[in-house]
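Chains, contacts and geometry: an overview
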Amino acid sequence: MANTAFNAKLRIVDNNSDRENAPERNVIMDFSCEEAEKAANWFLQAAENARMEGTTIRIYSSKSEYDEVAGFSLWGGLWGNSGKIAPLYPKGASEQTVNVRANQPELPDDVPF
């Protein structure tokens, strides 16, 4: 296994809700207590790094309206309907050599705002 900060399994399941605005599918993340504590520490370090390095994410209020705020993205892997989130340990802001902003195109047309 790679040297990861935490490891959380995730599952994608169909949503059986009849509500009009319900999503088609749900994402479920399973954390053991130990992995949850590791994740909490990872998120705190990642937030501190984002503030120090000035990385931003977009928070959308509609299909074309958004605000850029200090933040970061978390990626995982999906194989069929299950996968995992297992990021590497974050480097301290002083150890980071490149500030990479994600190429974030406009939202797809099917996002329900």
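So, here is what we can say about the structure in this document. Just so it is clear, the structure is predicted and the values come from calculations on it, not from any experiment.

What follows concerns the packing of aromatic side chains. For the structure on display, the rule yields seven aromatic pairs. Judged by centre distance (5.8 Å) and plane angle (70°), the ring pair of Phe-6 and Trp-42 falls under edge-to-face. With Phe-6 in the segment before strand E1 (8-14) and Trp-42 in helix H1 (residues 33-53), this residue pair connects regions lying 36 residues apart in the sequence. For the pair Phe-6 and Trp-42, one class covers both residues: buried.

A separate point is the sheet that holds strand E5 (residues 77-79). Taken in spatial order, the four strands make up an open sheet running E2-E1-E6-E5, and their pairing is antiparallel. At either margin of the open sheet sits one strand with a lone partner, and together these are strand E2 (25-30) and E5. Strand-to-strand twist of the sheet, defined as the mean angle between neighbouring strand axes without regard to direction, takes the value 25°. By the bridge criterion, six bridges tie E1 to E2 in an arrangement that is antiparallel. If you follow Leu-10 over to E2, its bridge partner there is Met-29.

What counts as what
- Residues numbered from 1 in each chain as written.
- Predicted model: local features only at pLDDT ≥ 70, side-chain atom pairs only at ≥ 80, totals over all residues.
- Heavy atoms only, no water.
- Phe/Tyr/Trp six-rings, centres within 6.5 Å; stacked < 30°, edge-to-face > 60°.
- Helix = DSSP H or I, 4+ residues; strand = E, 2+ residues; numbered from the N terminus.
- Buried < 20%, exposed > 50% of the residue type's maximum accessible area, 1.4 Å probe, protein only.
- Pairing = 2+ DSSP bridges.
- Axes fitted to C-alpha atoms, helices over the stretch in contact; angles between N-to-C directions.

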